[in-house]
Structure formats: C-alpha cells, structure tokens
Amino acid sequence: MRFNAKDLALLARQPSGCFDKEGKLKICRVVGDKKLLEPKERWCRLKGNLLFLMKNKGSEASEVVILERCWIVEFRTKTDVSIVLKFQSGEPDLYLEAASKPECESWAVALGEANSEGLRNKIQHLRRLIMEIKEERSSDEAQHFLPSSQADSLGEPQFTSIQRIANEPKLEFSLACKDLVAATRDRKLNTFIQVSVVHPAEHVVTRYSSTETVEGTRDPLFLTGVTFPPEYPIYEETKIKLTVYDVKDKSQDTVRTSALPDHKDPRADVGRSFLGCTTFKVGDLVKSKEQQLTLTLRTSDGGKTVGTIEVNLVKMREVEDGETDHIATDTKDQKCALVRECTVSEGVSGKDNLPSLNAVLKNPICKLYRFPTSDNKWMRIREQMAETTLSFHVPKELINLHIKEDMRRNQELKDLGELAPHWDNMRRSVIAHCDQMLSMYQDTLAELGKHTGSSFKSSCSKGEKTLEFIPINLHLQRMHVHSPRLKDALYDVITVGAPAAHFQGFKNGGLRKLLSKFEAERRNTGYQCIYYSPENTAKAKEVLSNISHLQPLISSHADLLLNSASQHSPDSLKNSLKMLSEKTELFVHAFKDQLVRSALLALYTARPGCVLKNPAVPRNSAEEGGDVQHQEHPAQIKRQDSIPHHSEYDEEEWDRVWANVGKSLNCLIAMVDRLLEKDISNTKEGENDPSAADCKVLHTGGDWYEQLYPLVITLKDCMGEVVTRAKQSMAFVLLQELACGLPQCLMLTLRRDIVFSQALAGLVCGFIIKLHTGLHDQGFLQQLHTVGLLVQYEGLLSTYSEEAGMLEDMAVGISDLQKVMFKVIEAKSEDFLPVITGRREHYVIEVQLPAKMFELLPQEIKEGKLLRMYPVLFNVGINEQQTLAERFGDTTLQENINQENLELLKEYYKLFTEKMPPDCLPHFQEQNDLKGLLENLHQNIQCKKRKNVEIMWLAATICRKLNGVRFTCCKSAKDRTSMSVTLEQCSILRDEHQLHKDFFIRALDCMRSNSEHRE
C-alpha cells in the first residue's frame, strides 16, 4: 500500500474540527506481555482509519497507524485505563493508555469504528433502521387509505400466498435466452442474467441473485436457476425483474448477488454492458398452463427488442408426464437435445423433521441448477448452505461443564486435609493457578452469553479471545439431486475451519508436539513432586467421576429399599435390593486398583510429622511401574510411577475398609432373603389359619424396616469411609499432575479444551443431520447402535509454518472425539437443542427428538444405549505453502496422521463386517469394492506422492459407502474448502447420476461461481 508522505503530513496538520477524535495518550509497542519501551505521552489524532501520533499538539506526525486488519482488546476492570491494538500481520501490538476510564472507553469506541469493518457494521445498522422505518411508514399509509374498520382488521397488506409443500422452496424457476442481439454483428456474447425482486408493498427493486456466465452464444441456456426459500416473503403480486448483461472482460467482471437496492437504470460496470431487461409477475408464472413464460427483452428506454427470455417453473417433486422441452445446448455450439422429465420422489425429508431441524439449522442459502445427463435428460440439483445454532450452543454448554468440573477439583484439593509444609505450599500454588483459569472460563462464558447477531464465527474473528472456543465458519453444505428414473438423493458435507487455538498462536507448534514435549519434560526433569503416568492420572479422574456418580445412586436405592420394607412390599423389596446390589458392586469394583492403594500411602507420607524410619525397599516394578524411593526433605523427592513404602503404614487397612462395603451388602442381602422366606412361610400358615395371619401382618411391616435400617446405615457408613479416603488419595494424584507442570499443564488443558470445543460443535451438528436423514433407513439405525458412526474429516492444511501447528491441534482435537458418546432421548418440551453431560475425556451428548420421530428408532436406541463415534482424519495439503513444505520442509506429520487414521478406518471396517449382516446397507453389495478402496487408500498413503488428492477422494468414497458423516476443513473453511466441496459434488453427479461428460467442467465452474461461503 503506497501513501504520499506530503499528503499525510498535510492531513495531520488540519484544524481540530477535521478529526474524528484527538487527545493525549501514553503509547508503546508490546510483544506478548512485555512492553518494548516505557509508554511515552503522544498527541493522537484519528481521521477515518488513520491514527496520527505526534510528540505534541503542534508538532509533525512522527508515525501513522493504519487501522485495518486489527482488533481492539479492552481491559474491562474498573481501574484499568488502557487498551491494546492487535494486528493480524503479526507486527507488535500497540499499547494505548488514557488519562481516565471514560476517556479510555471513548477511544476504544472510536478506534473500533475506525476501520472498514466498523464502517461496514455501521452501514448495515443504518440499512436495518431504514428498512424498519419503511415498513412502519408503508403500514401506516395502508391503514390511512382504508376505512377505520378495515384498518383495524388488517395488520398488514393482504397478498396472495403461493401454495407449496412443507419444507420446500416457495418458488423455483430456470432461465434461457434466445436470439440475443449483440452491439456488433461479429461479436459472440458472454451473458448472464441478474435477478431482482420488486416487493409489492415497497416498490423497491432489490438484487436477489444471478446466473453463471454463458460464453460464445446468442442462445444461452443457463444451468443456474433461481430459488426462493420457504421463509422468503414472495407472493403472486411480487414482480421479478430480469436484466441481461454482456460480459466484455470476464476477469474484471464482478456479479453481486447480495440483497442491495438496484439502480433505476441498469448501469454499464467495468467489463460488462447492459443488453436488455424484462419484468413479470410471480402469479403469471404460477398460473400459466404450461408453467412457462416467454418474455421479450427490451432496452432501457423500452423501445428496441434485443431477444427473448424463457422462464420455466421448476417443481422437483412432480412428474411432468413425459413432457419434453428440446433446448439446443452443447459445450460449444449448444446443439444437443435435452429432455425435461423427472420421476416421482419418495420424499427425502418429511415435515415431522422440521421442528427439531429448525432448532439446529438457520439462515439457509439455496441455489438451483439443472445439468444434462449422459442420455440427454435433465437432472436437477438444489444446493443449500445453512448456519447452525450449535456453533455457540455447544461451546457454552461445554465451558459450563468445565467450570463445574474445575470447581469440584479445587474443592477436592482443599479437602485433602492437613499436609506437610512442602506439600501444603504446593497445594496453595496449584489452587491459586486453578482459580485464575477458572476465572478465565467464567469470563469467557459471560462474554459468549452477551453475543448477538450471526450464529457462526467468521474467519476474520478467529483471533478474538472471547470467541476462541467457537468453531470457524461451521456450515452444512447439502446437495439434493433429482435425476431421471433414480431416487432422490441427499449428499451432506459439514464445512468448518480446522479446530485450532488461533488466539494462542503456533510459534511453538500445536497440541501434538506440545503434549509430547510436556510429557517428556515431566518424566525426565526433577520436579518437587511425584510423577504419575498419564494413564494413572486418567484413572484417578475416572475414580473421582465414579464416586460422584455412584454414591448418590447407592444412597437413593438404599432409601428405596427401606421404603419398600416399610410398605411390606416383597416385589418392590426384591427390585430395590437388585438395583442396590448392582450399583454397590460397580462401586466396589471402581476401587479395585493398585493406584488407590499406592496413592493412599503417598498421601500418608505427605502428612505433617511423618518420619520414614526404614530405608527404601524396591517393590516389584511390574506391579508399581517404576523405582521406589524414600525421602524426608522435599529436595530429595525424585520422579516415579510408584509410591514410597512406609514401614509404619498398614496397607491392609485400606483392604479392610474397602471390603467392609461388600460385607455390609452381603449382610443386607442375607437379611432380605431371611425376611422374604419368613413372609412366604407366614403366607402358607395364613391359608390354614386366617385370623393368625392377619395378626402377624400388622407387625411384619414394622419388623422389616427395623431389621433392615441398621444394616443400611452400616452400608452407608462403610461407603462414606471408602469415599473419603479414595477422594483424598485421587485428589492427591491430581495435585501431583498439576504441580509437576505449572503453569504449562493448565495452559495445555486450556488449549485442548478450545480445540475440542470447536471439534465437538461440528460433530454434534453432523450427528444430528445424519440422524434426521437416516431416520427411515433401518440398516443405518442398526449400524448406529451395533457398530457406531464413522466420522471422516478431510483436511486441506499444509505442513508448512503456522498451518503445521493448526494440523497438530486438529489431529488431537479429532482424536479426542473418540471419547464422546451420543444418546437419543425423547424431547419433553419444544426445546430440541442437545444437552451435554459428563467430564473431560468422557462426555455424553443427549440428542432430543420429537415423539413421532423417536418412535421410529430401534428399541436399543430408545432404551438409551450409548452410541460410539469413530472419527478419522486424512490430510493432504494442496496450496502453494505445501509445495514449499514438500520441496524444502518436512511432510512427516501429514504422513504419520494419514497412516494412523488408516489403521483406525480399517478397525472400523473390521467391526462393521463382523457385526453387520451382509444386506444391511444399500451399498453393501459392493463389499469387495470397499476392500479394494481400502487397499487403494493404503497404497496411496504409502507411495508418498506429492499433493496426492486421490487420498481425499478414496477416503470420502469409503465414508459415504459406510454411511459416515463427511467433514471438509481448511484454515478458514473458505477457498480451499469450497473448491474441494464443489469438485466432490460434481464428481458424485458424474459417477452416481450420469452427468454428461461434456458438461463436467461447466457444471464445476457453474457451482464455483455461485459458491457462497459466508464471511
């Protein structure tokens, strides 16, 4: 970007009234959290997106800051008066400090509105206000001209609605031109049609969409149609304006399809010229017998005829009774006859799906295409892209669970009791750091709660701290194909930016590298704590989770047992005892682990006054997993997987306490059996002597309760003692994990939470969409609860520079999804959003379905069976940075990820073939095909060919044949993602729906020219 220094200097010296804001600020540059120099006072002047910095009010500008591609970080404490400007380019941050809090807030607002993004937001806000004023004014004027009685009865103008099928677009039509007149005889036209809507109430022309550009013909047939979604306000009285342009220089042409006010007269933009326009009413098209209009194109003055436009109404679900429409079209001269003929659709999605799907998807953008098949018939394609409310819902649910889990952990650390000074200081430090992280999670949740507006995060916001848990550009990309003699087909791809911690950056790599490095440092560096392996730490978390889950259940079942005893109900007593026994056995089994015993000893040695009298005696390394040491002073503590053995500590005490729970349960079972036997004998006696039986019944209920009550109390006491000891010992293990790596441990946990949150939001969206589309497919539902769901991620990241770190984050985040389980429940209200329960490394997503849909599920799913996920990631870098990585860098990361996930895919296929019947899926007759595809994928991964996109195509094909969910990801889910998705869609049309081979490139260009990846 070039600037004229003299012009800038002149602008900086303008009078005060010419500036948006000016005043004194203390300024310096910041890298990370360190200021390069002490802040110096400068006179600052803001004009548009230029911030001039001067030594004093009358001096020359010493620096100019361009406020583009940057964002404001405002510190919202009551005392802080500073803000920071962060730049996407990576240059040092700019620290600005005001004299007071009000002045600081004023500068924050002014700087936030200074860049083009702020100006764009302001323009959009003003447009919304104008539209609201227009709507109010038009309704006021309509009521003014009506009699008062009618004005009261009409809340809005009465227009004729268009009849339509539920969940179908209101109106769809295709376009073609004939006999277009060029400005010169020899010129071959390159034309497109711009479609505008004239709303009957406002009489304002609004640009709606446009077709692709057809080159080199005066009789263009446009493959891109026009579709109006169900919620669009279009009526029979609505007018559609069609404007035809000739593109002179396609490279300079820009076709805008956003809803903007049209010009009164068509304007000749750079690179295109106006040919002609025409207008028709929607009612005329809908009511026409042939459902077709032939309209005359005229110049802007309405005098000269320049050709005709054919408008054909499209109804994808209706048979056209063999009616043909021979339209000349070809890649060059457009001269092959195409027949307009469709078959009856069996209904891909029903109206019952609407409530629950509408809770997840919103703001759909639809595109309509018609492509010729190899036998010269039309196929019709409706492409839809929709946002999802889950982009924000899932992260907020997840952060809320993180907060509760961390609060419980902090309380467990506090409940460890009295510790020796070294361990107590360690605990204080850990709790202080954990409290800071907890506060950060709470602040993030509060900020997300304030979010309004778009339901997805655009790529320009990927560096914002408050939105770091939100996935980037998460959308559903759906292709609905209606082709001759074939059933309707749906193809869904979820597009999303690679799950990664963009705000934290990738200077030191991503999670894959950071976790490996951190674990090596923990193992090999002499910290003042006891080393526990990641497996033992995970086991400790599992034990704590089991305690919090099972203890209240056992208490509840014990109370139900007493209630059954007081009511003298034998059947109820048996059922209560059965449930109590099952939960208690699970409880006892949860502590049947060497880790609890060794952790209790470690905690004993950490108590005040504990003196080790005997030297260390090494224990069995296979049992303990490492060397054993004794130490009296913290400085002597060495790293270990095992725990010191103390001669005075009675290790059998834990075994006795743990065994007491089982003994108490056995006593309770024996007593219940005795009471039930006695009850049976009394019943037999009662048959012989009724009066004696009545007398016994009066006392038996009280006897049951009185005899069982002491045993239930003993069971609860024994269980309470086990819980107290186990919770403290496992909390001590977690203390070691945290203390060994402060603060890196917590920062890695935060990074992993961020990446997992983004990945989970996409997975939940994909699962819900797949469940809805496969609800009538019994084979898929059987596969879902028998084997699980395959989730295939297509990564397009390079292995060079920052994207290598993103790929490392993404690989860990997707791998963590293996620990997620789904459960389908019947919705009890109109709120169909999913509910998340569980803890880190063990989450259950409860998906809610309306009663009618829930009844369609197999009994296993209805009974709450947990459904497993099998996520796999295959990555192939395709951009210019990957070229650098392959020539001068390292592609080992990509090769390792692809190889690891190939093994996971093979495991899923093996499970699938073992558990599913051969005829369960539509594609299963191609079982040999699947084996061949897997072998082909294996060979392509092994050959290490540069930019081998065959890996992507093979993985996607296998996923579709195995009823999986497809994801496509790149850095921001824009350019590379849209190119990949459109190529996949056209390849499917060619391979599965007989797209005419001569139209493959044109169909691809057509879809790409209309690709709508939002920002």
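Coordinates for the structure precede this section.
All of the points below concern the structure found in this document. In this text the structure is predicted, and so the values were computed from the model without any measurement.

**Overview of unusual backbone geometry**
Link 1 in the chain: A positive phi is found at N473, a non-glycine position, where the angle reads about 50°.
Link 2 in the chain: Topologically, N473 is positioned in the loop between α8 (421–449) and β20 (475–482).
Link 3 in the chain: Using a relative accessible area of 1% as the deciding quantity, one classes N473 as buried.
Link 4 in the chain: Even without a glycine there, the phi angle at H568 is positive, about 50°.
Link 5 in the chain: Position of H568 among the secondary structure elements: in the loop between α10 (534–566) and α11 (570–590).

**Details of the nonpolar core**
Link 1 in the chain: F587, F591, L708, M730 and F732 are the most contacted members of the largest nonpolar core, which totals 85 residues.
Link 2 in the chain: No other element matches the 18 residues that helix α15 (residues 690–740) contributes to this core.
Link 3 in the chain: If we ignore the near neighbours within four places in the chain, the residues touching F732 are L416, W423, I530, A599, A602, L603 and A606.
Link 4 in the chain: L401, A761, L797 and L807 belong to the second-largest nonpolar core, a separate cluster that totals 60 residues.

**Thoughts on the pairing of strand β14 (residues 239–247)**
Link 1 in the chain: With eight of nine residues buried, β14 is to be regarded as a mostly interior element.
Link 2 in the chain: Here strand β10 (residues 190–198) runs beside β14; their pairing, made up of eight bridges, is antiparallel. Paired with F192 across the two strands is Y245, which belongs to β14.
Link 3 in the chain: The sheet contact formed by β14 and strand β15 (residues 272–281) spans nine bridges and is antiparallel. The residue bridging I240 from the neighbouring strand is F280, located in β15.

**Digging into a nonpolar patch on the surface**
Link 1 in the chain: A surface patch of nonpolar side chains, amounting to about 250 Å² of accessible area, comprises Y705, Y709 and I713.
Link 2 in the chain: Within the fold, Y705 resides in helix α15.

Cut-offs applied
Residues numbered from 1 in each chain as written. Predicted model: local features only at pLDDT ≥ 70, side-chain atom pairs only at ≥ 80, totals over all residues. Heavy atoms only, no water. Helix = DSSP H or I, 4+ residues; strand = E, 2+ residues; numbered from the N terminus. Buried < 20%, exposed > 50% of the residue type's maximum accessible area, 1.4 Å probe, protein only. Core = buried A, V, L, I, M, F, W, Y, C linked by side-chain atoms within 4.5 Å. Contact = heavy atoms within 4.5 Å. Pairing = 2+ DSSP bridges. Patch = residues over 30% accessible without salt bridge, like charges linked within 9 Å, V, L, I, M, F, W, Y side chains within 5 Å. Areas by Shrake-Rupley, 256 points an atom, 1.4 Å probe, with all protein chains shown as cover. Salt bridge = Lys/Arg side-chain N within 4 Å of Asp/Glu carboxyl O.

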